[in-house]
Amino acid sequence: MLKIEDLRPFPGNPFHLVEDEQLMELSESIKEFGMAAPILTRPGSDGNGYEVIAGQRRVRAAELAGIESVPAFVLPIDRDRAIITLVDSNIQRENILPSERAFAYKMKLDAMKRQGYRTDLTSNQVGTKLQTDEIVAKGFGVSKTTVHRFIRLTELLPPILQMVDEARIALTPGVELSFLTQEEQENLLTTMESEDATPSLAQAQRMKKLSQAGQLDMDAIFAIMTEEKGNQKETVKIGMDKLRKYFPRGTTPQQMEETIIRLLERELRRKRNRESR
């Protein structure tokens, strides 16, 4: 049993503690029934207290419930082994943000590389050598490409990464923007804020290409971000069932559109002629 006052968050923990309704419900449950499973900790790196590897939400819920001590396993492991355990214990949670997944993937991959993790392991199924990133991906049940795409997000400025978390910028454009330099990202952030706009995938890809060519200055970013997107163009939709009665059988939608535009242009010219008399 460890006192909550002796517990501290794991340094660099990529998973955020959000005090939401679910945490309040967990707190009530712990208050009534107690903590079902011990948390995982390790002795503090400075010799004081204990770092929470898994169970930070349960610790906070117990604290809110007025509980002073919680059951815990104290693991005699180094930081890299603790990182691997932390990530594996939390990565399957629901509602993980892209930024959390990105830094979790990066932390585990870096920890395994520092440990000198064997990269000569042979897969029983295909008989091929697996690199560290492939082992990490396999453990998460995703592709190696997915792991590296998420890790790219860690190169984004925090405000832009937050936009990815908030789904204001989709994951794929976010990955493309991660290739921009810090100065270019700062210029992009300024433009997004001033124009109240975020880049589409096509725009992000163009900015990445210009960046690689050393041509992505503020003017180029502004020009790209202020252009009209295809999905922003105003359109008027009229159902085909309403239009067909005005056209001969077999008229294609494109022919209908061309005919309507000609009629509108003709009517507009007539109106202008009447007004000029």
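Relevant structure appears above.
So, here is what we can say about the structure in this document.

Taken together, four strands build an open sheet; the order of strands is S2-S4-S3-S6 and the sheet is mixed. Two strands lie at the open edges of the sheet, namely strand S2 (7–9) and strand S6 (72–74), each paired on one side alone. Neighbour-to-neighbour, the strand axes of the sheet open up by a mean angle of 45°, direction not taken into account. Here four bridges tie strand S3 (residues 39–43) to strand S4 (residues 50–54), and the two strands are oriented antiparallel to one another. Paired with Arg 42 across the bridge in S4 is Glu 51. Helix H2 (residues 56–64) rests against S2, S3 and S4 of the sheet, and its axis sits at about 115° to S4.

Bringing the pairing of S3 into the picture now. Two strands pair when backbone bridges link them, and S3 and S6 are joined in this way by three bridges, in the parallel orientation. Each bridged residue has a counterpart across the sheet, and for Leu 40 the counterpart in S6 is Phe 73. As consecutive antiparallel partners, S3 and S4 are separated by six residues, and within that stretch Gly 47 has a phi angle of approximately 90°, a positive value.

A complete count under the given rule lists 11 salt bridges for this structure. Ionic pairing is found between Glu 19 and Arg 60, a salt bridge with its closest N-O pair at 2.7 Å. Placement of Glu 19 in the loop between S2 and helix H1 (21–33) and of Arg 60 in helix H2 is noted, with a sequence separation of 41 residues between them. In this structure Arg 60 comes out as partly exposed when scored by relative accessible area, which is 22%. Here Asp 88 makes a salt bridge to Lys 108, at a shortest N to O gap of 2.6 Å. Of the two residues, Asp 88 sits in helix H3 (residues 79–90) while Lys 108 sits in helix H4 (residues 98–114), which places them 20 residues apart along the sequence. Salt bridges sharing partners connect three or more residues here, namely Glu 19, Arg 60 and Glu 63.

Quick look at the nonpolar core now. Formed by 46 residues in total, the largest nonpolar core has its most connected members in Ile 91, Leu 153, Leu 177, Leu 188, Met 192 and Met 207. In terms of residues, this core owes the most to one element, H4, which gives seven residues. Judged by nonpolar contacts, the second largest core, of 12 residues, contains Leu 2, Ile 4, Met 35 and Val 59.

Quick notes on the rules
Residues numbered from 1 in each chain as written. Predicted model: local features only at pLDDT ≥ 70, side-chain atom pairs only at ≥ 80, totals over all residues. Heavy atoms only, no water. Pairing = 2+ DSSP bridges. Helix = DSSP H or I, 4+ residues; strand = E, 2+ residues; numbered from the N terminus. Axes fitted to C-alpha atoms, helices over the stretch in contact; angles between N-to-C directions. Contact = heavy atoms within 4.5 Å. Salt bridge = Lys/Arg side-chain N within 4 Å of Asp/Glu carboxyl O. Buried < 20%, exposed > 50% of the residue type's maximum accessible area, 1.4 Å probe, protein only. Core = buried A, V, L, I, M, F, W, Y, C linked by side-chain atoms within 4.5 Å.

Read these as layout, nothing more, since geometry by itself doesn't imply function.
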